[in-house]
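Coordinate analysis (summary)
If you want the building blocks of each chain, they are given just below.
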Amino acid sequence: QLQLVESGGGLVQPGGSLRLSCTPRGNTLGYYNILWFRQIPGKGREAVSCISPIGVKNYLDAIKGRFALSRGSSERTVHFELRDLQPEDSAVYYCAAKFTSQVRTCELEPNVDYWGQGTQVTVSP
């Protein structure tokens, strides 16, 4: 069993930045991609970024150049830097894990194995 513990999020003005973090705990053996999704009220969860076990990254076009993934010093923690935030970025952000044997790719796909608890990001003047 894998648990994903999220931190970060909050309220920020347009143009501001936030850092979200996702730390896997429990049975962390094996290779898994870490994905970030966001969900606006009334809509489904949308995959916006992915990082593979060897650091291959993939981003939704709408966030390229503004949001960036990185790994923390422990290598297990994944940070998601959100920059130049706009009101349309307001959503609940979820991290997720998907076990994989393909460490050189990371697809933005909806089917994952574990979810984090979600963290609210609100962008408002």
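This text goes with the structure placed above it.
Calculation rules
Residues numbered from 1 in each chain as written. Predicted model: local features only at pLDDT ≥ 70, side-chain atom pairs only at ≥ 80, totals over all residues. Heavy atoms only, no water. Disulfide = S-S within 2.5 Å. Helix = DSSP H or I, 4+ residues; strand = E, 2+ residues; numbered from the N terminus. Buried < 20%, exposed > 50% of the residue type's maximum accessible area, 1.4 Å probe, protein only. Phe/Tyr/Trp six-rings, centres within 6.5 Å; stacked < 30°, edge-to-face > 60°. Lys NZ or Arg CZ within 6 Å of the ring centre and 35° of its normal.

According to the stated counting rule, one finds 2 disulfides in the structure shown. Between the sulfur atoms of Cys22 and its disulfide partner Cys95 the distance amounts to 2.2 Å. The chirality of the disulfide connecting Cys22 with Cys95 is right-handed, given an S-S dihedral of about 60°. Highlighted residues: Cys22 in strand S3 (residues 18-26) and Cys95 in strand S9 (residues 91-99), separated in sequence by 73 residues. Cys95 shares its class with Cys22; the two are buried.

Next up on the list: the packing of aromatic side chains. Working definition: an aromatic ring pair is given by the centre-to-centre distance plus the angle between the planes. Considering all chains together, one arrives at 6 aromatic pairs under this definition. Residues Tyr94 and Trp115 carry aromatic rings whose centres are separated by 6.1 Å and whose planes lie at 80° to one another, so their mutual orientation is edge-to-face. Taken together, the residues Tyr94 in strand S9 and Trp115 in strand S10 (residues 114-115) connect sequence positions 21 residues apart. Assessed through its relative accessible area of 12%, Tyr94 is described here as buried. The partly exposed category is assigned to Trp115, whose relative accessible area is 35%. Put simply, the rings of Tyr32, Phe99 and Tyr114 touch in pairs and so form one group of aromatic residues. Above the ring of Tyr94, the side-chain terminus of Arg45 is found at 3.6 Å from the ring centroid.

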